[in-house]
There are 2 protein chains.
Amino acid sequence: MMIFPVQNSFEPFALAPRELPTPVLVLDGAIVRRNINRLASYAAKHRLGVRPHTKTHKSKVIAQMQLNAGAIGLTAAKVGEVEEMSKVGDDLLLAFPTVDPARCSRVAELARTKALRVAVDSATAVNSLAQAAAAAGSIIGVLVDVDVGMGRTGVATASDALALAELVTRSRGVRLDGILCYPGHIWSVADQQSVQLSAVDNKLQATVQLWAAHGLEARIVSGGSTPTAFQSHLVRSYTEIRPGTYVFNDMNTVRGGFCSLEDCAARIVCTVVSDAVPHQVVLDGGTKTFTSDICIPARETGHGHIVEYPDARITRLSEEHGQVDVSACARRPKVGERVTVVPNHICPCLNLQDAVWWMEAGDVQRVRVDARGQLS
Amino acid sequence: MMIFPVQNSFEPFALAPRELPTPVLVLDGAIVRRNINRLASYAAKHRLGVRPHTKTHKSKVIAQMQLNAGAIGLTAAKVGEVEEMSKVGDDLLLAFPTVDPARCSRVAELARTKALRVAVDSATAVNSLAQAAAAAGSIIGVLVDVDVGMGRTGVATASDALALAELVTRSRGVRLDGILCYPGHIWSVADQQSVQLSAVDNKLQATVQLWAAHGLEARIVSGGSTPTAFQSHLVRSYTEIRPGTYVFNDMNTVRGGFCSLEDCAARIVCTVVSDAVPHQVVLDGGTKTFTSDICIPARETGHGHIVEYPDARITRLSEEHGQVDVSACARRPKVGERVTVVPNHICPCLNLQDAVWWMEAGDVQRVRVDARGQLS
């Protein structure tokens with residue numbers, strides 16, 4: 001896997017006011033809007049629907065911005081997130097296998113007033129959803145989850161997908177709407193990514209054609225991820241894409257070569273709290289701020305990137321401490337100084353916060369992470 | 001490092017009622033009480049004070065149980081946590097370098113009504129605390145943080161500790177109370193642990209003696225960790241210990257050989273949501289439930305232990321998915337089935353929840369994670 005170097009032209013987060021206690025997650029509003037608009041333009045050009053995965057921001061305000069920019073609907077991973085997002089969106093996708101009666105009842109209830117679809121990869125899921133929908137008197141749209149190489153969820157073959165689709169058409173309360181895939185295994189770029197996306201398309205085309213041969217239509221073919229977002233047109237079967245991270249970006253997308261540091265809208269401002277150990281400083285952020293997620297395309301780069309000290313390396317995290325190796329830094333941060341960190345993986349970092357701060361045009365606003373802490 | 005095998009005599013969590021949505025973090029009340037009492041008895045026998053680190057549970061109710069069992073006070077890592085814990089405890093320790101004016105003012109304010117101590121390892125911290133205390137008209141107790149081998153925070157030598165202690169005695173608003181260390185690098189057992197704890201004691205003794213030679217008293221010597229908790233008497237200088245994880249335990253403490261699976265009070269009940277990929281099932285818990293923390297004494301064991309399927313291995317986590325390799329299981333979990341997971345590291349898992357469920361004597365109660373989501 002190719003690791004992309006980090007350009008050091010990035011402007012540190014000058015805005016974070018001294019009053020905000022650290023560690024604090026701040027969003028650059030202008031960058032968020034630019035990221036949203038860039039994807040919207042790309043998708044419009046290629047006539048692809050955008051159904052952003054809201055797991056990244058879990059925020060109704062930001063979901064509304066995505067809808068305002070033309071998103072056709074919203075995606076979520078938990079029923080509680082879908083319920084929260086239903087307050088701003090009318091067209092919702094739960095991209096998670098929903099098999100237990102408790103989840104299915106809540107989905108069925110929500111489907112009474114909203115266009116709601118669920119991804120499934122088992123007969124158990126179809127039957128549970130159908131039963132719940134029948135009880136609630138609603139209709140739940142179903143996308144059959146097809147594994148395109150990640151090996152996480154999704155049926156293996158076009159004929160497995162057909163069997164599940166036929167079960168859906170035979171069941172009351174559920175409506176067959178199409179196919180879903182998640183190419184989360186693709187972290188390559190350029191030619192290699194094109195080859196991988198072709199393989200995804202072949203699998204999807206085979207499924208669509210087999211369905212068609214049996215009189216079933218895949219009206220929706222939903223795919224996409226942040227690393228593949230701007231090459232989604234190579235998967236000709238897609239009708240819509242569901243990237244999540246693109247709204248903020250992080251060191252995974254930077255180091256993977258999918259964006260630049262200037263496209264990272266979310267940063268965590270920390271205070272240096274210790275320099276007692278030689279060649280090291282300690283930040284007031286650890287796993288309860290950054291999570292333990294490594295940088296997928298560059299494991300050895302540590303736990304995030306310090307904007308003001310690009311030669312420093314966050315080598316080790318405890319729960320509230322971040323140990324930073326500063327031996328390669330010509331100039332070293334002092335105790336009490338604030339530094340700006342772009343985390344490896346923004347989604348679980350934001351999930352640790354009840355609220356984050358939105359900085360735009362000199363203003364600071366608190367943005368609630370509405371959908372965090374949902375139970376299922 | 002020795003890896004301890006997991007005994008399979010553990011009783012699955014039969015209590016978790018079907019109504020609780022998964023993934024759900026449940027506590028076995030009887031085990032929590034037994035863990036608290038076991039440490040209390042050990043400490044009483046050795047005349048050691050117990051000042052539990054509340055970062056593990058972040059709960060006032062559980063802190064109160066620890067105090068009821070004889071704990072001399074409470075430890076926390078963030079100012080917000082100390083503030084929350086001050087509602088049940090009167091003797092508080094902030095075991096974190098507090099260097100910025102905002103944190104120091106809040107500490108100084110709290111010190112007006114509570115016995116409050118802070119660990120420091122820099123002159124900046126001493127000066128900031130002294131200034132804030134002078135402004136608030138309070139006195140903040142200071143423990144000088146000495147590095148005993150972890151290399152995270154703490155001054156390196158006895159004479160560094162003396163220099164800082166002398167600065168404290170020269171400063172208004174702060175009071176020199178003693179020494180703090182955290183032997184978080186010690187994950188060994190038996191003889192090797194004894195050797196390591198002797199080295200810790202030597203370093204602490206040298207510091208205490210140097211202070212005494214300069215007329216300074218280390219009235220408190222605070223140390224301890226969960227892996228070393230029941231060998232703390234080997235560090236003769238300790239006056240108190242601050243283990244946190246012992247209250248619940250997790251796969252780190254089990255696999256490290258520090259407790260048995262029967263001592264794990266916190267477990268996460270998940271639903272199997274997919275079995276579409278051969279030799280794999282998927283749980284509805286990923287990094288937003290289990291975190292990405294590996295098992296420190298046994299990295300290769302995966303992301304937690306499934307009680308009902310001890311031969312299964314949680315190989316890969318996405319945010320809301322846990323992929324489980326079931327190829328070694330004679331019997332395999334079915335879609336829709338619930339399973340019980342003991343996580344690798346309980347502290348950050350609990351930190352993801354607004355509330356957890358306390359199961360005891362057939363009763364289920366909601367316990368708020370009071371001190372999560374604190375800003376600094």
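Residues numbered from 1 in each chain as written. Chains lettered and ligands numbered in written order. Predicted model: local features only at pLDDT ≥ 70, side-chain atom pairs only at ≥ 80, totals over all residues. Heavy atoms only, no water.

Visitor: Help me understand the pattern of salt bridges, please; the structure alone is not making it clear to me.
Guide: Side chains that differ in charge, positive against negative, can pair when their charged atoms come close. Per the counting criterion, the structure on display carries 50 salt bridges over all chains. Between Asp-91 of chain A and Arg-117 of chain A there is a salt bridge whose closest N-O contact spans 3.2 Å. Highlighted residues: Asp-91 of chain A in strand 4 (residues 91-94) and Arg-117 of chain A in strand 5 (residues 115-120), separated in sequence by 26 residues. Assessed through its relative accessible area of 23%, Asp-91 of chain A is described here as partly exposed. Where Asp-90 of chain B meets Lys-114 of chain B, a salt bridge forms, and the shortest distance between an N and an O atom there is 2.6 Å. Highlighted residues: Asp-90 of chain B in the loop between helix 3 (79-85) and strand 4 (91-94) and Lys-114 of chain B in the loop between helix 4 (101-110) and strand 5 (115-120), separated in sequence by 24 residues. A single salt-bridge network, built from bridges that share partners, covers Arg-51, Asp-91, Arg-117, Arg-175, Asp-177, Arg-219 and Glu-240 of chain A. (Salt bridge = Lys/Arg side-chain N within 4 Å of Asp/Glu carboxyl O. Helix = DSSP H or I, 4+ residues; strand = E, 2+ residues; numbered from the N terminus. Buried < 20%, exposed > 50% of the residue type's maximum accessible area, 1.4 Å probe, protein only.)

Visitor: Is there a simple way to explain the interface of chain B and chain A in this structure?
Guide: The partner chain A presents 56 residues to the 56 residues of chain B that form the contact. Summing both partners gives a buried area of about 4,800 Å² for chain B against chain A, and 53% of it is carried by carbon and sulfur. Considering only the side of chain B, the residues that lose the most area to chain A are Arg-152, Lys-288 and Leu-375 of chain B, jointly responsible for 13% of the buried surface there. Our enumeration of links across chain B and chain A arrives at eight salt bridges. The salt bridge partner of Glu-320 of chain A is Lys-78 of chain B, with a shortest N-O separation of 3.7 Å. The interface formed by chain B and chain A holds 28 residue pairs in polar contact (both at pLDDT 80 or more) in total. At the level of secondary structure, the elements contributing two or more residues to the side of chain B that touches chain A comprise strand 10 (266-274), strand 11 (280-283), helix 9 (287-290) and helix 10 (346-350) of chain B. Counting residues per element, the side of chain B that touches chain A draws most heavily on strand 10 of chain B, which supplies four residues. A class-by-class count of the residues in the side of chain B that touches chain A yields 19 nonpolar, 20 polar and 17 charged. (Contact = heavy atoms within 4.5 Å. Buried area = accessible area lost by both parts, 1.4 Å probe. Polar contact = N/O pair within 3.5 Å; in protein donor to acceptor, adjacent residues only side chain to side chain. Nonpolar A, V, L, I, M, F, W, Y, C, P; charged D, E, K, R; others polar.)

Visitor: What should I look at first to understand the sheet that holds strand 6 (residues 140-145) of chain B in this one?
Guide: Residues and elements named next belong to chain B. Spatially, eight strands are ordered 2-9-8-7-6-5-4-3 in an open sheet, and the strand pairing comes out parallel. Of all strands in the sheet, those bounded by a partner on one side alone are strand 2 (49-50) and strand 3 (74-76). Against the sheet, helix 7 (residues 190-213) makes contact with strand 6, strand 7 (174-180) and strand 8 (220-223), and its axis sits at roughly 150° relative to strand 7, the strand it touches most. (Pairing = 2+ DSSP bridges. Axes fitted to C-alpha atoms, helices over the stretch in contact; angles between N-to-C directions.)

Visitor: What should I look at first to understand the relation of the copies chain B and chain A in this one?
Guide: Both copies of the chain are related through a single rotation about an axis accompanied by a shift along the same axis. With an axial shift of 0.0 Å and an RMSD of 0.0 Å, the rotation relating chain B to chain A amounts to 180°. The relationship between the two copies is best expressed as a two-fold rotation axis. For chain B, the residue whose C-alpha comes nearest the rotation axis is Ser-292 of chain B, separated from it by 2.6 Å. (Least-squares fit on C-alpha atoms with pLDDT ≥ 70 in both.)

Visitor: Quick question: what am I supposed to make of the confidence of the model for chain A here?
Guide: As a general rule, the predicted coordinates of low-pLDDT regions are not to be interpreted in detail. On average, residues of chain A carry a pLDDT of 95, and 95% of them reach 70 or more. Complex prediction metrics read pTM 0.96 and ipTM 0.96. (pLDDT = per-residue confidence, 0-100.)

Visitor: When you look at helix 6 (residues 158-170) of chain B in this model, what are you seeing that I'm missing?
Guide: An α-helix turns once every 3.6 residues. As a result, residues three or four positions apart point the same way. Compared with the 18 Å implied by 1.5 Å per residue over 13 residues, the 18 Å span of helix 6 of chain B between its first and last C-alpha is a close match. Regarding helix 6 of chain B, the residues found buried are Ala-158, Ala-161, Leu-162, Leu-164, Ala-165, Leu-167 and Val-168 of chain B. (Expected span 1.5 Å × (residues − 1).)

Visitor: I would appreciate a short explanation of the environment of Ile-268 of chain B in the present structure.
Guide: Within the fold, Ile-268 of chain B resides in strand 10. Here Ile-268 of chain B is in contact with Pro-23, Val-24, Leu-25, Thr-289, Phe-290, Val-339, Thr-340, Val-341, Pro-343 and Cys-349 of chain B, once residues within four sequence places are set aside.

Visitor: Please clarify how the packing of helix 5 (residues 123-136) of chain B against helix 6 of chain B should be interpreted in this entry.
Guide: In a pair of packed helices, the angle between the axes and the distance between the axes together describe the arrangement. Residues and elements named next belong to chain B. Where helix 5 meets helix 6, the closest approach of the two axes is 10 Å, and the angle between their N-to-C directions is 15°. Relative to helix 6, helix 5 is oriented roughly parallel. Regarding helix 5 and helix 6, the two cross each other, and that crossing is right-handed. Residues Ala-123, Val-126 and Asn-127 of helix 5 touch helix 6, and the partners they reach there are Leu-164, Leu-167 and Val-168. Grouping the amino acids of the contact of helix 5 with helix 6 by side-chain chemistry returns five nonpolar, one polar and no charged. (Parallel < 35°, antiparallel > 145°, perpendicular 65-115°, else oblique. Left-handed = near helix turned anticlockwise from the far one by under 90°.)

Visitor: Please clarify how the pairing of strand 15 (residues 338-342) of chain B should be interpreted in this entry.
Guide: Walk down a regular strand and you will see the side chains alternate between the two sheet faces. Residues and elements named next belong to chain B. Within strand 15, five of the five residues are buried, which leaves it mostly tucked inside the rest of the structure. Here strand 15 shows a buried face lined by Arg-338, Thr-340 and Val-342 and a second buried face lined by Val-339 and Val-341. Inspection of the sheet shows strand 12 (residues 305-306) paired to strand 15 by two bridges, in the antiparallel sense. The partner of His-305 across the bridge, within strand 15, is Val-342.

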